[in-house]
Amino acid sequence: SLSTRNCPCKMNQIPPKSPLASLFSERINSRVDSLDHLSMDSFWLEVENIKQSSEAEQEECSLADVKAQEEGDAEAEWLQDAGLSDLLGERASENDNLVLLSTLTKTQAAAVQRRLDTYSRSRRRKSKHPVRDVRDIFGVVSNGETVAEKEDTRPDQLWHNLQTANVQKQPQDYSCTVRNPGKEEVFNMDIAYSEQAAVLLKGSFLSESRRIKDGNALTKFKIPKGRLGVTRIGDLSAQDMKKIPTLALIELTALCDVLGFELKRNKAVKLKTAEKRLFGVPLNTLLENDQKLLPNTKVPLLLQALLSCLEKRGLETEGILRVSGSQTRIKSLEQKLESDFYTGLFRWDDVHQNDVSGLLKRFIRELPAPLLTAEYLPAFAAVQNIPDLKQRLQALNLLILILPEPNRNTLKALLEFLSKVVARENNNKMNLWNVSTVMAPNLFMHKGLPNKIPEGKEKQLAEGAADVVRMMIHYQDLLWTVSSFLVAQVRKLNESNSKRYQFCDKRIKNLLRKIHADKDKAEKNQAEPSKTVKVHASLLLKDSLEVHLNNATRVADVLKQFQKNLCQNGWNIVNTVSLLKCNNSMESTNLLLYEVGGNIGEHCLDPDTYLLDLYHINPHAEWIIKQNPSCPRVY
């Protein structure tokens, strides 16, 4: 059988570290067993094609694995990546590290403390320069023990501590996180995933793993829109998005801690880059070159051209992506692209579609570092080890947010294209599982990360990789959402940076108590039933719009009111060229309302956001109407 052949590849597993892991292992095995009837032939054929292509160039490709680091080194790197590098020094001042700590939930703070504890112990054993005692950061209780030492750190007791310490301060309905088979499920983004997991595990609400048969059987999830709407990646300013990866890393680590899995990452290494212009060139370099031609380019122009060519002529091609093109022609086309792409002389119409799909996969594989990054490729691969589908998606959502922006934008462009391939399944015979098995080796195999995998694990790891790709394709809209709890933490970071908490007592418990007290005080001041505010549209109009807010006023209502006044009252338009039109009409759907300033940089608001609630959360912001950038200009 093709599915049992030895794979010349490797992948990472997250080793279990809690008693719960044995139960998880059984459910993982049952979930993977349920994939048996789904053919893995495409996966192994793709591996063989990659192997032949690599052998021709005397290279090796392998599935990602983790290189072991000495105790303390991984923790130090984690603290740096989490924006907490100053905790590694001898002294701490009232700086951004402490501001970041002030925004953390109980489970997140516990994750930080564990790593700082391990780092401190390892440095003392190595007799290196003095390091700060963890008690200097997280405080001591009366008998001299740290908070973590005082509390029972057994997994079952830890989850109890997490539940009683922070969750009780935030009374919430967790019933939405319990399985309801056969129905659309709620995907709660208001509460930190690690806090949800702590409550579910403590309450023994572990769900049975879902048996996945085909794309149509995948569970449907719905993100409930709270009063503040939903925030998608791209809705936040670059300034605020820079804060998201560190917060997402801390939350992902806390989630893995609660679930009893160790989050392992590859150490960042400098990889050799090819002396070319297109293939084998780092994403950042490609984008820098492309932006000289087209400013604000988010996805490499070559990738855009490959995807555009396939969308125009390849979506209906039977076996597209699966059927391999000629390796000789693909190599020749690569050389022609290197010389002619930027001159505009390359003729896409003359290229066979299977060769274009081969070029697409080659472009992804030839990146000097994996598209999912060398550091986090093992974590993406290890998502398969989480038995609960919702928690797998939570982990994937956080990993997507951790990715550098060029990688995240490029991955999204690829996944959008793969969705279009799946949508034409009746013609091209490529269903969701077929596409996933073909693309998994191209995303998870990389020549720069060689190593071996445990004997007998090839089939399970390959199926797991394909399943992760399937989730990314099918649930991409959900995965490209910024959780409300992360947006709230960004707001708290911005507020703390402006007013600075007085960190006289650096104990996390007291700090969290003060934060929640401030939150309660703010909520008491939110009893104002209505408010009149001004909405600006300076790029379109000289006048501002005065809006009376009540509990029912949404963003969509304000945009409709603006559009109505614009059409009926003949407002003084600054510049008719600046007034963009779509379909020869000025509709409210072509307009966007932004929240600017206060405790946020710039935030494109969901049309279903209730503005009075938003005003109470950020009373110092300005509200500005802008044209939807996706709307074409009409001069």
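Residues numbered from 1 in each chain as written. Predicted model: local features only at pLDDT ≥ 70, side-chain atom pairs only at ≥ 80, totals over all residues. Heavy atoms only, no water.

In the annotation of an unreviewed UniProt entry, the entry for the protein reads RHG40 protein, and the organism field reads Eudromia elegans. In UniProt, the protein has this text filed under Function (unreviewed entry): "GTPase activator for the Rho-type GTPases by converting them to an inactive GDP-bound state." (UniProt positions renumbered as here; feature names shortened; annotations may be inferred.)

With that settled, consider helix H21 (residues 458–474). Residues that lie three or four places apart on an α-helix share one face, since the helix turns once every 3.6 residues. For H21, built from 17 residues, the straight-helix expectation of 24 Å at 1.5 Å per residue is met to within 8% by its first-to-last C-alpha distance of 24 Å. Most of H21 sits inside the fold, with 15 of its 17 residues counted as buried. (Helix = DSSP H or I, 4+ residues; strand = E, 2+ residues; numbered from the N terminus. Expected span 1.5 Å × (residues − 1). Buried < 20%, exposed > 50% of the residue type's maximum accessible area, 1.4 Å probe, protein only.)

Our next topic: empty space enclosed by the protein. Tallied over the full model, the rule gives seven cavities of 30 Å³ or more. Contributions of two or more residues to the lining of the second largest cavity are made by helix H2 (41–56), helix H14 (327–340) and helix H15 (353–366). Looking at the lining of the second largest cavity, its residues break down into two nonpolar, six polar and four charged. (1 Å grid on protein atoms, 1.4 Å probe; cavity = no way out; pocket = protein on both sides within 12 Å on 5 of 7 lines; lining within 4 Å. Points joined across faces, edges and corners; volume = space filled by probe spheres on them. Nonpolar A, V, L, I, M, F, W, Y, C, P; charged D, E, K, R; others polar.)

We now examine the packing of aromatic side chains. As enumerated under the stated definition, the model contains eight aromatic pairs in all. Look at Phe221 and Tyr475: their rings are 5.8 Å apart centre to centre, the planes differ by 55°, and that puts the pair in the tilted class. With a gap of 254 residues between them, Phe221 in strand S3 (residues 221–222) and Tyr475 in the loop between H21 and helix H22 (476–479) connect regions that are remote in the sequence. Judged on exposure class, the residue Phe221 and its partner Tyr475 are both buried. One residue, Lys412, lies across the ring of Trp480, its end atom 5.7 Å from the ring centre. (Phe/Tyr/Trp six-rings, centres within 6.5 Å; stacked < 30°, edge-to-face > 60°. Lys NZ or Arg CZ within 6 Å of the ring centre and 35° of its normal.)

Counted as a void, the second largest pocket has a volume near 660 Å³. Along the wall of the second largest pocket there are 28 residues; nearest its centre are Asp235, Leu592, Tyr594, Cys604 and Asn628. Sorting the residues of the lining of the second largest pocket by element identifies helix H25 (555–568), strand S9 (591–597), strand S10 (600–604) and strand S11 (622–627) as the ones contributing at least two each.

Turning next to the nonpolar core. Generally speaking, a soluble globular protein has its nonpolar side chains buried in company with each other. Counting 133 residues, the largest nonpolar core has Leu321, Phe380, Phe444 and Met472 as its most contacted members. No other element matches helix H11 (residues 244–259), which puts ten residues into this core. Ranked by size, the runner-up nonpolar core spans 21 residues in total, among them Val533, Leu566, Leu593 and Trp623. (Core = buried A, V, L, I, M, F, W, Y, C linked by side-chain atoms within 4.5 Å.)

Bringing the packing of helix H3 (residues 73–81) against helix H5 (residues 106–125) into the picture now. One way to put it is that H3 packs onto H5 with a least axis distance of 8 Å and a crossing angle of 135°. One finds that H3 runs oblique with respect to H5. Where H3 crosses over H5, the two elements pack in a sense that is left-handed. Only Val112, Arg115, Leu116, Thr118, Tyr119 and Arg123 of H5 make contact with H3, whose side of the interface consists of Asp73, Glu75, Ala76, Trp78 and Leu79. Broken down by class, the residue content of the contact of H3 with H5 amounts to six nonpolar, one polar and four charged. (Axes fitted to C-alpha atoms, helices over the stretch in contact; angles between N-to-C directions. Parallel < 35°, antiparallel > 145°, perpendicular 65-115°, else oblique. Left-handed = near helix turned anticlockwise from the far one by under 90°. Contact = heavy atoms within 4.5 Å.)

Taking 1.5 Å per residue, 13 residues should reach 18 Å; helix H20 (residues 432–444) reaches 18 Å between its end C-alpha atoms and fits that length. For H20, the principal kink sits at Val438 and spans about 30°; a proline, Pro441, occurs within the next four residues. Across the 13 residues of H20, 13 count as buried, placing the element largely inside the fold. Two to three positions downstream of the cap, the backbone nitrogen of Trp433 sits 3.1 Å from a side-chain oxygen, assigning the N-cap of H20 to Asn431. (Bend = angle between axes of the 7 residues up to and from the residue. Polar contact = N/O pair within 3.5 Å; in protein donor to acceptor, adjacent residues only side chain to side chain.)

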